[in-house]
Amino acid sequence: MKKYLRWQGLSGLLVTLILIASFVYFFAGQLMKIAIEEGLGYYLGAEVNVEEVDVSWSPFGVKISQFQATDKADPEFNLLSFKQANATVDALQYLFGKTIIDELTLDTLAFNTPRTSAGEVYQPLNGDEQIQNKADEQAQASDSVLPSTDFELPSVDNALKDEALKTPKLVEQLKAQYAQDKIKIKALKDQLPNDDALKQYEKDVKALMELDIKSLEDIQQAKDQLSQLKKQFKQDKQAVSALKDQLRDSQETISKLLKDLKNAPEDDWQYIETKYQLDDLDAGDVAHLLFGDKARSYVEKATLVYNKIKPLLAKDASTEDVIIDTENGRYVHFKDDNPLPKWLVKTAKLSISTQIGELTVNSQEITSQHWIRNKPTTWQLDSSQKQAKEQIKAKGQLTINQAGDLNTHGDWMISEFTLGDLPLQDSDSLQLTLANSALSGQGDFKFENTIVASQANIDLVQPEFTGNTSSSFSKALLKTLNDIDTLDIKVSATGEVTNPDLSIRSSLDSILKEAVKEQAKAKLDTFKVKIKDKLKGQVSKGLNLDESEGAELNELSQMLEQKDNKLNSLLNSSIADKQKKKLEDKLESKLKKGLGKLFG
Amino acid sequence: MLTLLAKLINALNSDSSPRQIAAGISLGLIIGLTPLFSLHNLLVLIIAFLIRINLGGFFLAITFFAGFSYFINPLAILLGESLLTSSSLEAMWHALYQLSALKLAHYHHTLTLGSLLISLVLFLPVMWFSQFLIIRYRVHIKAFIEKFKIVRAIKASKFYSIYQSVAGA
């Protein structure tokens, strides 16, 4: 047996193994520190610092102190940092290829904290990250959509130059109507018998009346002459009638135009109000303008987190074709009597440092394979503020199914939480900070696969805003904000998670609208008076025209009436009958004389 | 590395039996081809140190086959994948999966299972072939090679002095 065995070799191996084990035992923390700094640094593309890593062996646990991961987009800041993390790991399961963390605690987790010195960047931002970063910068750098200039009105002259205004149009129409009618009337007037002609008619009639009738031939002759005269009278009467008709038409048309002209200034003012939106001074969707950037940045952050997490929500290998890793291989897990997911954090306690104070999160059953133990990840968030009235509470649960779909829902409430020094706007037109306020609110959220439905009702009680602005609109905004006792904001995000519809509503909109209206009222009143005066001036022009031209038409109308009467009287004169009677009388007298002589 | 190579050449030229050297190479093959931190490798290491095999050949084989494993790994993973996902073997794997020791040995890992099977299949052929080569070397090649000027030049080199010191040890 001795020929084949080498006991001293085995003892040598044991010594070597003990030495290796001792090295690992004593330097495990250092090795892990290097592994975290190098491995995570490579993965994140920027410097990662860990002050110390302690490894405990029974139970197996790791304690990481002062962790900082540089934000490669802004190396002066950390992507995230924490003071201390403790994790107790099930070593046996780890050797089986499963990471089961019995308890995880994370103390003072913070995002975007400044670094003492800029971190080294190993990999520049890739295309997607650059686009995201550029969008963030643009969102921050872009001037807000708040109006940067004061409330401005158009000049009166410019407003009155508008071709759609009725008043100047009607004045011109009136002038044209008068001019057109004048021509027509003149043409018809020229066809009328003048005074001399009428006198001649009278003379002619008188002559006929005084004509010495001696015979029937004389009567016939008078009758013929009378017929000629009557024919002439009729023609003249027709001319009078035509002119009368024209006058009536003209007066009717002008009367209508005058009526329209009198109403036109009011119509025109309404038109100007509508055109320049003076009737509805819209201060814009102010709540959206003020709080939109903040809300959008939260939504964008959530979307970014989702986009990072989504690829990790791998579909269950047993349900899909597996992409074989030809470099490192993979663990193929089978049904276990005591099934466990690939990784699981049974309980976790996190304290998160945020702008609104320290938050504590307790969570259970954190994994990406909830179907294995058929338990959802549950979490509860609570504020660590000492004052009892200041409370933030939230709770929810999350599951990922075998198809890789993420479903979560939860609700939250904040009561009388003191907010301070929260920048809202930093643009050329307005720098606005919420200096102090009590925040209360509640909301809920639901996320199924890729559809999000979230709503929040927030009340800012006695908010104090500070800011700088040169625009009177923004000054009014600032004043209004500081005058508000309670500012309610309703926020909702619905739809596809990568592009949700964000809605922000607040009573601020209507309050500010009134404030802006008040501020603009004086200017608006002056503008209104000027516009109306100018319009009335134009109307007067039209009315003056009517006064002169209308009087002329009235005179003409009277004159026509006289002429018409005269022609009527001439036309009705019964000269022939009278002359016939005269002749009969004459004949009768002659006959009586002859008979007297005869019978004597 | 030079020391290791020198030890191997020394072993080839020494009284160590070709079987001892070949066994060292074959055991080195298992550790070289399979993932280093595996339970079975601890067993192989114990065997290698306990049994009188040539350790120079053993360690050199580990180094050589570890490099060679980069070419073998894709094949090993495919083999492990096909075995572990074979529906006909599912019952067996399921039963074995309930044993902690087997899980600890990572036989449910595609690369570990596939590479171990390949190394076990190659174990005896490699041992026989290397034994054959060592015998052939000692009978024919050693004397033949020593006739070359280059060999004589090597004998005058640093490498040869190391070899001498190892051989003398």
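**Some details on the overall build of chain B**
Along the backbone of chain B there are 9 helices and 0 strands. In chain B, the succession of helices and strands from N to C terminus is α-α-α-α-α-α-α-α-α. A total of 169 residues make up chain B; the buried ones form 43% of that total. Contacts in chain B between residues at least 24 apart in sequence constitute 77% of all its contacts with a sequence separation of at least 6. Summed over its atoms, the accessible surface of chain B is roughly 9,100 Å², and 73% of this surface lies on carbon and sulfur atoms.

**Brief notes about the overall build of chain A**
Each helix and strand counted, chain A has 12 helices and 13 strands in total. When the 600 residues of chain A are sorted by exposure, 36% land in the buried category. In chain A, the share of contacts with a sequence separation of at least 24, taken over all contacts with a separation of at least 6, comes to 66%. For chain A, the exposed surface amounts to about 35,500 Å²; the carbon and sulfur share of it is 53%.

**So, the packing of helix α2 (residues 18-33) of chain B against helix α4 (residues 55-84) of chain B**
Residues and elements named next belong to chain B. With their axes 7 Å apart at the nearest point, α2 and α4 run at an angle of 40 degrees to one another. What the angle tells us is that α2 and α4 run oblique. Two packed elements cross with a definite hand, and for α2 against α4 that hand is right-handed. For the pair α2 and α4, contact is made by G24, I25, L27, G28, L29, I31, G32 and L33 and by G57, F58, A61, I62, F65, A66, F68, S69, I72 and N73, respectively. Here the contact of α2 with α4 is built from residues that sort into 12 nonpolar, 6 polar and no charged.

**Some details on a nonpolar patch on the surface**
Residue and element names in this part refer to chain A. A contiguous nonpolar patch, built from I20, F23, V24, Y25, F26, F27, L31 and W57 and spanning about 810 Å² of accessible area, is present on the exposed surface. With 7 residues, helix α1 (residues 7-44) is the largest single contributor of residues to the nonpolar patch. Note that F27 resides in helix α1.

**Overview of the interface of chain B and chain A**
Opposite the 29 residues of chain B that make contact, chain A presents 31 residues. Summed over both partners, the interface of chain B with chain A comes to about 2,700 Å²; 61% of that surface belongs to carbon and sulfur atoms. Contact with chain A buries surface across chain B, with L50, R52 and Y97 of chain B losing the most and accounting together for 23% of the total. The tally of links between chain B and chain A comes to 1 salt bridge. Joining chain B to chain A, the criterion identifies 16 residue pairs in polar contact (both at pLDDT 80 or more). At 7 residues, α4 of chain B tops the list of elements feeding residues into the side of chain B that touches chain A. Here the residues of the side of chain B that touches chain A are counted per class, giving 17 nonpolar, 9 polar and 3 charged.

**Observations regarding the nonpolar core**
Residue and element names in this part refer to chain A. In this structure, I64, F67 and F465 are the most contacted members of the largest nonpolar core, which totals 44 residues. In this view, I64 contacts I36, V50, E52, V53, F82, K83, Q84 and A85; residues no more than four positions away in its chain are not counted. Membership of the second largest hydrophobic core comes to 32 residues, among which are L229, L261, A264 and L567.

**Digging into the pairing of strand β5 (residues 343-354) of chain A**
Residues and elements named next belong to chain A. Judged from the 9 bridges that link them, strand β4 (residues 99-111) and β5 form a sheet pairing that is parallel. When the bridges of β5 are listed, L106 appears paired with L350. Both β5 and strand β6 (residues 357-367) contribute to a ladder of 10 bridges, which runs antiparallel. Directly across from L344, in β6, lies its bridge partner T367.

**Observations regarding the pattern of salt bridges**
As a working rule, side chains carrying opposite charge can pair if their charged atoms are close by. All names here are of chain A. In the structure shown here, the tally under the stated rule is 20 salt bridges over all chains. A salt bridge links E365 to R373, with the nearest nitrogen and oxygen atoms 2.6 Å apart. You can call E365 buried: its relative accessible area is 8%. Looking at R373, the relative accessible area reads 24%, which means it is partly exposed. Across the salt bridge formed by D411 and K395, the nearest N and O atoms sit 3.1 Å from each other. Placement of the pair is D411 in strand β9 (residues 406-426) and K395 in strand β8 (residues 391-400), with a sequence separation of 16 residues. The class for D411 is partly exposed, based on a relative accessible area of 34%. For K395, a relative accessible area of 45% translates into the label partly exposed.

**Topic: the packing of aromatic side chains**
Residues and elements named next belong to chain A. One pass over the structure, following the stated rule, counts 14 aromatic pairs over all chains. The interplanar angle of 20 degrees and the centroid separation of 5.5 Å between the aromatic rings of Y25 and W57 together place this pair among those described as stacked. Of this pair, Y25 sits in helix α1 while W57 sits in strand β1 (residues 48-57), and the two are 32 residues apart along the sequence. Given a relative accessible area of 47%, Y25 falls into the partly exposed group. Measuring from centroid to centroid gives 6.0 Å for W269 and F527, while their planes differ by 50 degrees, and the two rings are tilted. Residue W269 is located in helix α7 (residues 216-275), and its partner F527 is located in helix α11 (residues 508-572); the two are separated by 258 residues in the primary sequence. Taking relative accessible area as the criterion, W269 reaches 2% and is therefore assigned buried.

**A few points about the side chain of H40 of chain B**
Tracing the chain through its elements places H40 of chain B in helix α3 (residues 39-50). Once residues within four sequence positions are removed from consideration, H40 of chain B is found in contact with I30, T34, Y107, T112 and L116 of chain B.

**What about the environment of V299 of chain A?**
All names here are of chain A. Turning to its location among the elements, V299 is positioned in helix α8 (residues 286-309). As for V299 and P500, which are separated by 201 residues in sequence, their C-alpha atoms are 8.2 Å apart. Once you skip the residues sitting within four places of it in the chain, V299 turns out to touch P500 and L502.

**Observations concerning the confidence of the model for chain B**
Mean pLDDT over chain B stands at 85; residues scoring 70 or higher make up 86%. Considering each helix and strand of chain B separately, the mean pLDDT is smallest for helix α9 (residues 158-168) of chain B, with a value of 66, and largest for α2 of chain B, with 93.

**A few points about helix α6 (residues 195-210) of chain A**
Quick reminder: α-helices carry 3.6 residues per turn. Residues three or four places apart thus point the same way. Residues and elements named next belong to chain A. With 16 residues, α6 should reach 22 Å at 1.5 Å per residue; the first-to-last C-alpha distance of 22 Å fits that figure. Within α6, burial applies to L198, Y201, V205 and L208. The arc that holds the buried residues of α6, viewed along the axis, is 85 degrees, so those residues lie on one side. For α6, exposure combined with an orientation more than 90 degrees from the buried face picks out D195, D196, K199, K203, K206 and E210.

So, how was this worked out
- Residues numbered from 1 in each chain as written.
- Chains lettered and ligands numbered in written order.
- Predicted model: local features only at pLDDT ≥ 70, side-chain atom pairs only at ≥ 80, totals over all residues.
- Heavy atoms only, no water.
- Helix = DSSP H or I, 4+ residues; strand = E, 2+ residues; numbered from the N terminus.
- Buried < 20%, exposed > 50% of the residue type's maximum accessible area, 1.4 Å probe, protein only.
- Contact = heavy atoms within 4.5 Å.
- Areas by Shrake-Rupley, 256 points an atom, 1.4 Å probe, with all protein chains shown as cover.
- Axes fitted to C-alpha atoms, helices over the stretch in contact; angles between N-to-C directions.
- Parallel < 35°, antiparallel > 145°, perpendicular 65-115°, else oblique.
- Left-handed = near helix turned anticlockwise from the far one by under 90°.
- Nonpolar A, V, L, I, M, F, W, Y, C, P; charged D, E, K, R; others polar.
- Patch = residues over 30% accessible without salt bridge, like charges linked within 9 Å, V, L, I, M, F, W, Y side chains within 5 Å.
- Salt bridge = Lys/Arg side-chain N within 4 Å of Asp/Glu carboxyl O.
- Buried area = accessible area lost by both parts, 1.4 Å probe.
- Polar contact = N/O pair within 3.5 Å; in protein donor to acceptor, adjacent residues only side chain to side chain.
- Core = buried A, V, L, I, M, F, W, Y, C linked by side-chain atoms within 4.5 Å.
- Pairing = 2+ DSSP bridges.
- Phe/Tyr/Trp six-rings, centres within 6.5 Å; stacked < 30°, edge-to-face > 60°.
- pLDDT = per-residue confidence, 0-100.
- Expected span 1.5 Å × (residues − 1).
- Arc of directions from axis to C-beta.

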